Every structure is written in structure tokens, then in C-alpha cells.
Amino acid sequence: MSDSWSRAIDFHCKFGVWPFQKTLDITTDGFCWCGELLPHKAVVRLRWGVDQKRGGVFPKYSYLAAFGTDEREFSIRTKQKDFYEALTTRMWKAAGPRLLSALAAKLAAGGRAGFRSFSVGDEGVYTADKPMFGEASEVFTPWSRLEWGVYNGSLCFAAGDGGKFLASASFLWTDNAHVLDAALELLKKSGAAKISAAVK
């Protein structure tokens with residue numbers, strides 16, 4: 001592991017109120033939560049975003065960042081924007097590129113990645129078509145016929161040429177939505193038809 005990567009991901013913090021204070025350390029060994037070390041390969045999901053609570057004259061904001069294994073999730077909530085940005089930057093540099101490569105490999109092998117209300121294949125998105133009457137059916141839309149972008153904290157998909165809304169994934173509440181967003185940025189830049197061809 002390079003010294004530059006070590007410096008890029010290095011992060012140490014204490015948070016919470018004594019005597020319930022917790023710690024998080026991100027190093028080349030992994031994510032260490034309150035003294036429990038999670039190796040990098042064990043961290044398989046990330047999510048973060050701004051949580052807005054409405055009510056009263058002014059909305060209240062807090063920032064949430066979370067990472068997890070297959071079985072467990074660990075999260076930090078803060079009102080300090082600078083701390084949140086430093087934390088999520090280190091989280092992404094420590095785990096994001098690996099998760100991005102893992103997503104591409106899974107899709108290249110014919111698998112799918114689920115994002116709550118929809119799933120993604122190498123060549124497009126699978127969504128549910130729910131008619132007023134009858135059973136829902138699955139619809140596949142290739143990337144070439146899709147438009148996507150970020151709106152109000154979510155990654156949103158619509159049919160091309162100003163077509164109907166199809167699905168969305170909240171960055172705050174959907175695991176690895178940021179990973180998918182990064183994959184789609186590479187897809188758009190490369191002009192490829194498959195995510196696995198765009199992620200190198």
C-alpha cells in the first residue's frame with residue numbers, strides 16, 4: 001500500500017457525549033470502530049447525506065455518514081459540516097474505489113446490484129411497472145434510453161427525451177448509491193454501453 005493512499009485515508013475522531021463517547025479510526029488496516037477493527041474487505045457498503053427535519057420556521061439539518069459489513073452498520077450523525085466532509089472524503093477514498101471495482105465485476109459476470117426500488121445490470125436499469133390493476137411486471141431500460149441526475153439528494157432515473165420518472169435512490173438512505181453515481185459518471189464520460197467497460 002502506498003504512502004500517498006495511507007495519507008489520503010488517515011482519519012481519527014472521537015464523537016458523542018462522555019461517558020458514551022465513541023471513536024473511529026480509518027487507516028490502512030481498516031475501519032476501527034470503538035477499538036473493533038473491520039478490515040477493508042469487510043466494509044461492503046457506504047452511505048451519507050444531509051438529513052433535513054421540517055417543522056417550525058426554519059428546517060433543521062444534520063449530516064449522517066454510515067458504513068457497514070454484510071451484517072452490521074455503523075453511523076455517525078453530526079451538525080458540523082467540515083467534520084462531515086472530512087469524514088466522507090476519507091470513507092470514499094478508503095472504500096469507494098474498491099466497491100466501484102466490485103460493482104463492475106459483479107455486473108460483468110451477469111449479476112445485478114439492488115438499490116431498494118430498482119436494480120442495475122451491466123447494460124441498464126430494471127424497474128417495476130405497477131399498473132392500476134393486475135400484477136406488477138419488471139421493465140428493463142438500457143442506458144442509451146435513460147436520463148439520470150441528482151435531484152434533492154437522490155440519484156434519479158427517467159426515460160430518455162423527457163420521458164416519465166422511473167426510479168430513484170436516496171444518497172442518505174440507500175447503501176452504495178454514491179458508488180452507482182460514480183459508475184454512471186464514468187459511463188457517461190466513456191460513452192460505453194456497459195458499466196463494466198467504463199470502470200477500469
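A quick note: this is a predicted structure, and the numbers were derived from the prediction, not measured.

About the cut-offs
- Residues numbered from 1 in each chain as written.
- Predicted model: local features only at pLDDT ≥ 70, side-chain atom pairs only at ≥ 80, totals over all residues.
- Heavy atoms only, no water.
- Bend = angle between axes of the 7 residues up to and from the residue.
- Helix = DSSP H or I, 4+ residues; strand = E, 2+ residues; numbered from the N terminus.
- Expected span 1.5 Å × (residues − 1).
- Buried < 20%, exposed > 50% of the residue type's maximum accessible area, 1.4 Å probe, protein only.
- Polar contact = N/O pair within 3.5 Å; in protein donor to acceptor, adjacent residues only side chain to side chain.
- Pairing = 2+ DSSP bridges.
- Axes fitted to C-alpha atoms, helices over the stretch in contact; angles between N-to-C directions.
- Phe/Tyr/Trp six-rings, centres within 6.5 Å; stacked < 30°, edge-to-face > 60°.
- Lys NZ or Arg CZ within 6 Å of the ring centre and 35° of its normal.

**Q** Hey, could you go over helix α2 (residues 81–108) for me, with residue numbers and the actual values?
**A** If you look at α2, its biggest bend is around 45°, right at A95, and the proline P97 turns up within four residues after that. Residue G110 follows α2 closely and has a positive phi angle near 95°.

**Q** Quick one: what's the story with helix α3 (residues 177–190), residue by residue and with numbers?
**A** For α3, built from 14 residues, the straight-helix expectation of 20 Å at 1.5 Å per residue is met to within 8% by its first-to-last C-alpha distance of 20 Å. Listed as buried for α3 are A177, H178, V179, L180, D181, A182, A183, L184 and L187. Following α3 by one or two positions, G191 has its phi on the positive side, about 75°.

**Q** Describe the environment of Q80, listing the residues and the values that go with them.
**A** By secondary structure assignment, the location of Q80 is in the loop between β7 (73–78) and α2. Among the residues examined, Q80 registers a relative accessible area of 54% and is labelled exposed. Spatially, the C-alpha atom of Q80 lies 30 Å from that of W148, the residues being 68 residues apart in sequence.

**Q** Tell me what's going on with the environment of D122, and back it up with residues and numbers.
**A** Assignment of secondary structure puts D122 in the loop between β9 (118–121) and β10 (124–129). Spatially, the C-alpha atoms of D122 and K14 are 40 Å apart, while their sequence positions differ by 108 residues. Of note is the side chain of D122, whose polar atom sits 3.0 Å from the backbone nitrogen of I195. Polar contacts involving the side chain of D122 include one to the side chain of S196, which spans 2.6 Å.

**Q** Run through the sheet that holds β9, naming residues and quoting values.
**A** Strand order across the open sheet formed by four strands is β8-β9-β10-β11, with antiparallel pairing between neighbours. For this open sheet the edge positions go to β8 (113–115) and β11 (137–142), each flanked by a neighbour on one side alone. Pairs of neighbouring strands in the sheet enclose a mean axial angle of 30°, with direction left out of account. Bridge analysis of β8 against β9 gives three bridges, and the strand direction is antiparallel. When the sheet's bridge partners are listed, G114 is paired in β9 with S119.

**Q** An account of the packing of aromatic side chains is needed here, citing residue identities and associated values.
**A** What the rule picks out here adds up to 12 aromatic pairs. Ring geometry for W48 versus W92: centroids 6.4 Å apart, planes at 75°, classification edge-to-face. Here W48 is found in strand β5 (residues 45–53), whereas its partner W92 is found in helix α2, with 44 residues between them in sequence. Assessed through its relative accessible area of 12%, W48 is described here as buried. The structure contains a cluster of three or more aromatic residues connected by ring pairs, namely F15, F31, W33, F67 and F74. For R112, the ring lying beneath its charged end belongs to Y126, and the centroid distance is 3.5 Å.

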